[in-house]
Amino acid sequence: MDFSQIIPAMPGLVDGMLMTLKLLALSVVGGVALGTVLALLRLSSNPLLSGFAKAYVNYFRSIPLLLVITWFYLAVPMLLNWITGSFVSIGAFTSCLVAFMMFEAAYYCEIVRAGIQSISKGQENAAYALGMNYGQAMRLIILPQAFRKMMPLLLQQSIILFQDTSLVYAVGLMDFLNAARSKGDIVGLPHEFLIFAGAVYFVISFGASLSVKRLQKRFAV
Amino acid sequence: MSMISIKNVSKWYGDFQVLTDCTTDVKKGEVVVVCGPSGSGKSTLIKTVNALEPFQKGDIIVDGTSVGDAKTDLPKLRSRVGMVFQHFELFPHLSITENLTIAQERVLGRSKDEAMQKGLHYLDRVGLKAHAHKFPGQLSGGQQQRVAIARALAMDPIAMLFDEPTSALDPEMVNEVLDVMVELAQEGMTMMCVTHEMGFARKVAHRVIFMDRGCIVEDCAKEEFFGNIDARSERARQFLSKILQH
């Protein structure tokens, strides 16, 4: 075992980690936003809207993430090509980002829905009684309280997403794992680099998980 | 002049009828107490007045505006009618001042300064000015309910609805809330109050409505309701004998 070669490979590994974190951050923001919209649709009294949201959530929760990633990478450009008649390149990063957002939105939707439902009907009534419309009641009264309650769950789901971003190796994006793998291959030390990568994933995920637990305790008091 | 006019209102939850042909009137400046056993539909009735509960038959006219009309701007109508809830329903993520000002600013479009001035004025009136910067969770139940009353008053309502405002309170906090309500009634506020506080009813109510199983069974002047018990329906007499015993 020779771990000394990891030091000179650091710049490439850092770039990979930055790619992972960028993908994670944008996916979480987009996924939570889309998930919130889906949750509101799902809770709507309109059967068409809630039916659409329900079908969306059930569909994306029933297929593997890897499939969504490759599907967006291969099929979407083909589809765009077929529709527009010209060649459109959307690139690995964008296709991965869209895949993560749409896939994770299904999971975030269920968390946000539970969060909204945990806020008592009385709060909604009080907002309406003061003359607020649906949008104001949601934006100013219900969602701020719901997000506070579901913060631990949202973070926990995001930690899972942090690990799942490594699936982008399938379309050749240089995230942290892919960078570690290729650097290891170049210097002929794949095991050392993979062990190192595993340790980094563990430290970050487990550390984040512990802080979420601590946060949860503080919120509970 | 009638401020709230409830005309033949009926409401069903599926097959179950919760309100049956309810008709009554609250005049400007009048204080009407609604009482009755639990499950009699009194909370449901008061919530139909500002359309928090929809109804299927009849109509309610609030200051000339029909609540049942699909074209009515319900948020606007609600912004003109104050409501106080059993469980206070202050917004726990907002400070007391924010609770008082948020609807004034977002719904009525008042400036920050004006909303703050108005909010603090009413907070002072319910005797809680010193608590302006706290959060709801730091106040007692009685204090929270007084803030809730101030929050409703800050909207300059044309009438106030009270839905069992003291029934979730510890006994020693009931009076501080009733005192505020009595003061309000004596100033001529139009009030419709669902409450079991018969002392309050005797003191300030003009009329008492007694409900049972979704129907308005009694609707008469306070003096008649408490003074001429023999003329009351069997059900109302039973109810009164139970709650006035102690």
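These notes cover the structure that comes with them. Keep in mind that what you see is a predicted model, and the values were worked out from it rather than measured. (Residues numbered from 1 in each chain as written. Chains lettered and ligands numbered in written order. Predicted model: local features only at pLDDT ≥ 70, side-chain atom pairs only at ≥ 80, totals over all residues. Heavy atoms only, no water.)

Our next topic: the overall build of chain B. A tally of regular secondary structure across chain B gives nine helices and ten strands. Whereas a compact globule of 246 residues would reach a radius of gyration of roughly 18 Å, chain B reaches 18 Å, a difference of no more than 12%. Seen through its C-alpha atoms, chain B measures out along the principal axes to roughly 55 × 45 × 35 Å. The contacts in chain B between residues at least 6 apart in sequence include a share of 65% that link residues at least 24 apart. Each charge class in chain B was averaged separately, 29 positive and 32 negative side chains, and the resulting centres sit 2 Å apart. (Helix = DSSP H or I, 4+ residues; strand = E, 2+ residues; numbered from the N terminus. Rg over C-alpha atoms; globule rule 2.2 N^0.38 Å. Contact = heavy atoms within 4.5 Å. Lys, Arg positive; Asp, Glu negative; His and termini not counted. Charge placed at Lys NZ, Arg CZ, Asp CG, Glu CD.)

With that settled, the discussion passes to the side chain of Thr195 of chain B. Residues and elements named next belong to chain B. With respect to the secondary-structure elements, Thr195 resides in the loop between β8 (191-194) and α7 (198-204). A polar contact is formed between the side chain of Thr195 and the backbone nitrogen of Glu197, at a distance of 3.0 Å. Apart from residues no more than four positions distant in its own chain, Thr195 is found in contact with Val33, Val34, Cys35, Thr166 and Phe200. (Polar contact = N/O pair within 3.5 Å; in protein donor to acceptor, adjacent residues only side chain to side chain.)

Burial of nonpolar side chains together is a common tendency in soluble globular proteins. Counting residues in each nonpolar core, the largest one holds 96 residues, and the members touching the most others are Ile141 of chain A together with Ile4 and Met192 of chain B. Ranked by residues supplied to this core, first place goes to helix α4 (residues 91-117) of chain A with 14 residues. Counting 49 residues, the second largest nonpolar core, distinct from the first, contains Cys35, Val126, Val174 and Leu184 of chain B. (Core = buried A, V, L, I, M, F, W, Y, C linked by side-chain atoms within 4.5 Å. Buried < 20%, exposed > 50% of the residue type's maximum accessible area, 1.4 Å probe, protein only.)

Okay, the state of the cysteines next. Under the counting rule described, the total for this entry stands at zero disulfides over all chains. No disulfide involves Cys220 of chain B; its nearest neighbouring cysteine sulfur is the one of Cys35 of chain B, lying 9.5 Å away. (Disulfide = S-S within 2.5 Å.)

Turning our eyes to something else, we now look at the pattern of salt bridges. Opposite charge on two side chains lets them pair, provided their charged atoms get close. Inspection of the entire model under this criterion finds 16 salt bridges over all chains. Notably, a salt bridge pairs Lys118 of chain B with Asp156 of chain B, separated by 3.0 Å at the nearest N-O pair. With a gap of 38 residues between them, Lys118 of chain B in helix α4 (residues 112-125) and Asp156 of chain B in the loop between α5 (141-153) and β7 (159-163) connect regions that are remote in the sequence. Judged by its relative accessible area of 25%, Lys118 of chain B falls in the partly exposed class. One continuous salt-bridge network, built from bridges that share partners, spans Arg42, Glu110 and Arg113 of chain A. (Salt bridge = Lys/Arg side-chain N within 4 Å of Asp/Glu carboxyl O.)

What follows covers the packing of α5 of chain B against helix α6 (residues 171-186) of chain B. Residue and element names in this part refer to chain B. The N-to-C vectors of α5 and α6 enclose an angle of 20 degrees; their axes lie 8 Å apart at closest approach. Looking at the two axes, α5 sits roughly parallel to α6. Considering the relative orientation of α5 and α6, their crossing is right-handed. For the pair formed by α5 and α6, the contact residues are Gly141, Gly142, Gln143, Gln145, Arg146, Ile149 and Leu153 on the first element and Met173, Glu176, Val177, Val180, Met181 and Leu184 on the second. Split into classes, the residues belonging to the contact of α5 with α6 amount to seven nonpolar, four polar and two charged. (Axes fitted to C-alpha atoms, helices over the stretch in contact; angles between N-to-C directions. Parallel < 35°, antiparallel > 145°, perpendicular 65-115°, else oblique. Left-handed = near helix turned anticlockwise from the far one by under 90°. Nonpolar A, V, L, I, M, F, W, Y, C, P; charged D, E, K, R; others polar.)

A word on the interface of chain A and chain B. Chain A puts 19 residues into the contact, and the matching count from chain B is 20 residues. Contact with chain B buries surface across chain A, with Ala129, Leu130 and Leu140 of chain A losing the most and accounting together for 34% of the total. Remark: the boundary between chain A and chain B carries zero salt bridges. Of all the elements in the fold, those that place two or more residues in the side of chain A that touches chain B are α5 (121-129) and α6 (134-164) of chain A. Split into classes, the residues belonging to the side of chain A that touches chain B amount to nine nonpolar, eight polar and two charged. (Buried area = accessible area lost by both parts, 1.4 Å probe.)

Here Ser79 of chain B lies in helix α2 (residues 74-79). When residues no more than four places from it in sequence are discounted, the contact partners of Ser79 of chain B are Ala129, Leu130 and Gly131 of chain A together with Val107, Leu108 and Met155 of chain B.

Okay, the packing of aromatic side chains next. What characterises a pair of aromatic rings is the spacing of the ring centres plus the angle enclosed by the ring planes. Residues and elements named next belong to chain A. For the structure on display, the rule yields ten aromatic pairs over all chains. When the ring of Phe52 is compared with that of Tyr56, the centres are 6.4 Å apart and the planes differ by 50 degrees; the resulting orientation is tilted. Of this pair, Phe52 and Tyr56 both sit in helix α2 (residues 47-61), four residues apart, roughly one helical turn. Judged by its relative accessible area of 12%, Tyr56 is buried. (Phe/Tyr/Trp six-rings, centres within 6.5 Å; stacked < 30°, edge-to-face > 60°.)

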